Amino acid sequence: MRNDPLWTGALLLFPRRIAENLARVEESGLVPRAPNLVQISLGVIRMWVRLATRPETIGTCTDHHVRPTLRARLLAYRPLRFPFLVRERAIAPLDFSGLASSRERVLRHLLGAHHDANQFAYDLELLGIHPGALEELGERVRRVVNGEDPRAEWLRDLVVFEGYHENLLAAVEHALAHGVRLAPHEADDPDTSFTGYLRWCARMPATWEEAIPALLRGEIDLGAYQYEGGMA
């Protein structure tokens with residue numbers, strides 16, 4: 001059981017980039033205490049479990065119809081969409097926390113990868129550690145909505161579902177004016193909220209000597225998030 005970068009790096013793959021972004025989290029004051037790399041590693045394991053057991057929570061939609069274009073209808077099939085998302089740099093398949101991604105990668109992710117309901121709140125909070133990034137996103141998504149971006153139709157088809165960019169623009173404008181919109185049942189949900197994810201990680205064991213026995217004893221809940229309060 002090791003706490004050195006070689007062991008942690010086997011899980012995170014990009015520990016140096018993640019450490020740099022965790023330093024930005026500290027500087028931003030986004031959460032009272034930023035987790036360390038071991039705790040982020042446990043968060044990555046949690047995301048693996050989500051991908052394996054709850055794939056329907058990623059890249060699908062329950063609120064909007066598929067766009068009527070042939071391209072969108074074809075891309076609604078997720079295995080077919082995957083290589084185009086990679087080529088667009090709209091997803092980083094090996095970055096399970098978002099903390100290994102650059103500012104530009106997060107911007108491309110929001111513009112080109114579908115997020116259901118309010119799931120883009122996670123990335124809007126993540127962009128908050130990069131000064132001026134939310135303003136840049138607002139301008140870029142506005143150009144897609146207005147059709148001024150020459151790639152607007154491609155980006156609309158790539159996210160597959162109707163109304164995505166309009167909803168994203170409204171969320172960005174709200175974030176700039178009032179902060180990222182999160183209902184009470186979303187604020188601590190590691191699936192939806194970046195600050196919720198950071199707080200979840202920060203509650204985890206801080207060393208592998210503590211973490212591995214806790215995992216083996218089933219003391220770390222890697223399953224579905226359960227909100228214990230009343231719905232907003």
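Residues numbered from 1 in each chain as written. Predicted model: local features only at pLDDT ≥ 70, side-chain atom pairs only at ≥ 80, totals over all residues. Heavy atoms only, no water.

Teacher, can you tell me more about the overall build of the protein here?
Scanning the protein from terminus to terminus reveals 13 helices and zero strands. Looking at the protein residue by residue over its 232 residues, the buried ones come to 46%. Long-range contacts, defined here as pairs at least 24 residues apart, represent 70% of the contacts in the protein between residues at least 6 apart. Carbon and sulfur atoms make up 57% of the accessible area of the protein, which totals about 11,600 Å². (Helix = DSSP H or I, 4+ residues; strand = E, 2+ residues; numbered from the N terminus. Buried < 20%, exposed > 50% of the residue type's maximum accessible area, 1.4 Å probe, protein only. Contact = heavy atoms within 4.5 Å. Areas by Shrake-Rupley, 256 points an atom, 1.4 Å probe, with all protein chains shown as cover.)

Can you help me understand the pattern of salt bridges in this one?
Taken as a whole and judged by the stated rule, the model has 17 salt bridges. Notably, a salt bridge pairs Arg67 with Glu153, separated by 2.9 Å at the nearest N-O pair. Here Arg67 is found in the loop between helix H3 (37–53) and helix H4 (70–75), whereas its partner Glu153 is found in helix H9 (residues 152–158), with 86 residues between them in sequence. A relative accessible area of 8% places Arg67 in the buried class. On the basis of relative accessible area, Glu153 is assigned to the partly exposed category, the value being 43%. The structure contains a network of salt bridges with shared partners spanning Glu88, Arg103, Glu104, Arg108, Glu136, Arg140 and Arg151. (Salt bridge = Lys/Arg side-chain N within 4 Å of Asp/Glu carboxyl O.)

Looking at this model, I keep getting lost on the packing of H3 against helix H13 (residues 208–216). Mind explaining?
When two helices pack together, you describe them by how their axes are tilted relative to each other and by the distance separating the axes. Here H3 crosses H13 at 25°, and the two axes come no closer than 10 Å. Between H3 and H13, the crossing angle belongs to the class labelled roughly parallel. As H3 packs across H13, the resulting crossing turns out to be right-handed. Where H3 abuts H13, its residues Val38, Ser41, Leu42 and Ile45 lie against Trp208, Ala211 and Leu215. Counted by class, the contact of H3 with H13 contains six nonpolar, one polar and no charged residues. (Axes fitted to C-alpha atoms, helices over the stretch in contact; angles between N-to-C directions. Parallel < 35°, antiparallel > 145°, perpendicular 65-115°, else oblique. Left-handed = near helix turned anticlockwise from the far one by under 90°. Nonpolar A, V, L, I, M, F, W, Y, C, P; charged D, E, K, R; others polar.)

Would you mind showing me how to read the nonpolar core here?
Note that soluble globular proteins tend to have their nonpolar side chains buried in a common cluster. Core analysis: the largest hydrophobic core is formed by 59 residues, its most contacted members being Ile40, Leu99, Leu110 and Leu124. In this structure, Leu110 is in contact with His115, Phe120, Asp123, Leu124, Leu127, Leu137, Tyr164 and Leu168, ignoring residues within four places of it in sequence. (Core = buried A, V, L, I, M, F, W, Y, C linked by side-chain atoms within 4.5 Å.)

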